Amino acid sequence: MPDVAIVGVGLHPFGRFPGKSALEMGAEAARSALADAGVAWTDMEFAVGGSAEVDQPDAVVAELGLTGLPFTNVYNGCATAGSALGLASRMIRLGEHRLGLVLGMDKHGGGAFTADPTWYACPPWYGEMGLFLTTKFFGMKINRYMHDFGITHRTLARVAAKAYRNGELNPNAYRRTPLSEEEILSSRMLSRPLTKYMFCSPDEGAAAVVVCDADVAKQYTDTPVYLRSTVTRTRRYGAYEVHTPAAGPEHVPAPTVDAAAAAYEQAGIGPQDVDIAQLQDTDSGAEIIHMAEVGLCKDGEQNELIASGATAIGGALPVNTDGGLIANGEPIGASGLRQVYELVNQMRGRAGERQVPNVPRVGLAQLYGAPGVAAVSILSR
């Protein structure tokens, strides 16, 4: 089967854009990706779109042009981009199409995400008791992880401070004001041990990538980035995941662990080969946990690694170089493609002020969302 290449990336800035629809933002991101690849919308043989708020992402064709191409809509929570990329990749690998667009967009209101617990196979009482809150889950999960592996409050603050520093260097980020570790630690406690500035925020934005059969990639760019694997996994019985009202007595790995293992196997590499990572940092504790779940370190090593600057832009293993979700916010449909946008720019050596010193060869993107679904993608140049 043919390999898959990414030949163009595009992004609409993340933040708040009153008066602009999600479809308009999606169209802007798509046009940017098409221009990056040097192709036209009429060249696209297929498209895949993802969104939480837009019922029919394919309606973006009204903005881009009514060409009659096949357009598939997907939604898989915060792992939507992983599912969209996986579907597009399989279409190409199976020889169905050779050139297409993957697009994500969303426009969320303020405040935390909310829904009916029964939509997630949870009993009504789970919401009535005030438990159906992602902030609650993330606080409980990192609290236990801190207890088990000695992670400190200072490490939580260092992760968030890094995100805001990186966000300052990213013109497309939502939060671009650096905050000190002390400001982060002293901000309002939302779900112990996580304070206000340790969380991301739902917001608005869009991102897109142009993918093709690797055999024809050089027709579009001198710097293709190859999509080596994209894997999605759901939770197993006993794992403690978002909106899980109970967990088994024995420890069961999170779906990110399973997705990462399968992604490495498919790509034919290991965690030691990763040069740069984009991890789901819904909160600063999540980035810490996910570092270990994708194999970039062992549980408990994060205190030393983060304190040493290893995960900073100039470190040995840069993580969330664009500020991650904490600085960018999370428009669900676009968030995972933002990760790919950043990895591709870093691996092409065109990330500007936030370019890592040694242009990375292998990048990893990881997504995680309710009710316990994870996606891991591995890219290389």
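Scroll up to find the structure this text is about.
Residues numbered from 1 in each chain as written. Predicted model: local features only at pLDDT ≥ 70, side-chain atom pairs only at ≥ 80, totals over all residues. Heavy atoms only, no water.

## With respect to the packing of aromatic side chains
So, step 1. Applying the stated criterion across every chain yields a total of seven aromatic pairs.
So, step 2. Over the ring of Y368 we find K141, and its NZ or CZ is 5.4 Å from the ring centre. (Phe/Tyr/Trp six-rings, centres within 6.5 Å; stacked < 30°, edge-to-face > 60°. Lys NZ or Arg CZ within 6 Å of the ring centre and 35° of its normal.)

## Thoughts on the side chain of Q355
So, step 1. Tracing the chain through its elements places Q355 in the loop between α12 (332-347) and β10 (362-369).
So, step 2. A relative accessible area of 18% means that Q355 is categorised as buried.
So, step 3. At a separation of 3.1 Å, a polar atom in the side chain of Q355 contacts the main-chain carbonyl oxygen of Q346. (Helix = DSSP H or I, 4+ residues; strand = E, 2+ residues; numbered from the N terminus. Buried < 20%, exposed > 50% of the residue type's maximum accessible area, 1.4 Å probe, protein only. Polar contact = N/O pair within 3.5 Å; in protein donor to acceptor, adjacent residues only side chain to side chain.)

## Some thoughts on the packing of helix α6 (residues 153-168) against helix α9 (residues 284-293)
So, step 1. Viewed as axis vectors pointing N to C, α6 and α9 meet at an angle of 100 degrees, and their least axial separation amounts to 8 Å. One way to sum up the angle between α6 and α9 is to call them roughly perpendicular. Each of T155, L156, V159, A160 and K162 in α6 lies in contact with α9, whose residues at this interface are S284, G285, E287 and I288. (Axes fitted to C-alpha atoms, helices over the stretch in contact; angles between N-to-C directions. Parallel < 35°, antiparallel > 145°, perpendicular 65-115°, else oblique. Contact = heavy atoms within 4.5 Å.)

## What to know about α9
So, step 1. Counting buried positions along α9 yields ten of ten residues, so the element is predominantly enclosed.
So, step 2. The backbone nitrogen of G285 lies 2.8 Å from a side-chain oxygen of the residue at the head of α9, namely D283.
So, step 3. G295 occupies a position one or two residues after α9 and carries a positive phi of about 85 degrees.

## Structural notes on α12
So, step 1. Between the first and last C-alpha of α12 there are 24 Å, a value that for 16 residues agrees with the 22 Å anticipated at 1.5 Å per step.
So, step 2. For α12, the buried fraction is high: 16 of the 16 residues fall into the buried class.
So, step 3. Count one or two residues on from α12 and you reach G349, which has phi positive near 75 degrees. (Expected span 1.5 Å × (residues − 1).)

## A look at the pairing of strand β2 (residues 46-50)
So, step 1. Buried residues dominate β2, accounting for five of its five residues.
So, step 2. The side-chain alternation of β2 yields two buried faces, one formed by F46, V48 and G50 and the other by A47 and G49.
So, step 3. As judged from the five bridges shared by β2 and strand β4 (residues 99-107), these two strands associate in the parallel manner. In the strand pairing of β4, A47 is matched with L101.
So, step 4. In this sheet, strand β3 (residues 71-74) lies alongside β2 in parallel orientation, the contact comprising four bridges. (Pairing = 2+ DSSP bridges.)

## As for unusual backbone geometry
So, step 1. Here R192 and P193 are connected by a cis peptide whose omega angle stands at 10 degrees.
So, step 2. Inspection of the secondary structure assignment puts P193 in the loop between β5 (189-191) and β6 (194-195).
So, step 3. In this chain, A370 is followed by P371 through a cis amide linkage whose omega measures 0 degrees.
So, step 4. Along the chain, P371 turns up in the loop between β10 and β11 (373-380).
So, step 5. Phi at A121 is positive, roughly 60 degrees, even though this residue is not glycine.

## Details of the state of the cysteines
So, step 1. According to the stated counting rule, one finds zero disulfides in the structure shown.
So, step 2. Looking at C78, it has no disulfide partner, and the nearest cysteine sulfur is the one in C200, 8.0 Å off.
So, step 3. A relative accessible area of 11% means that C78 is categorised as buried. (Disulfide = S-S within 2.5 Å.)

## Considerations on the pairing of strand β7 (residues 204-213)
Remark: a regular strand shows side chains that alternate across the two faces of the sheet.
So, step 1. Here β7 lies mainly inside the structure; ten of its ten residues are buried.
So, step 2. Two elements, strand β1 (residues 4-15) and β7, share nine bridges in a ladder whose sense is antiparallel. By the bridge assignment for β7, G15 is matched with E204.
So, step 3. Note that β4 and β7 share nine bridges and pair antiparallel. What sits directly across from D106, in β7, is G205.

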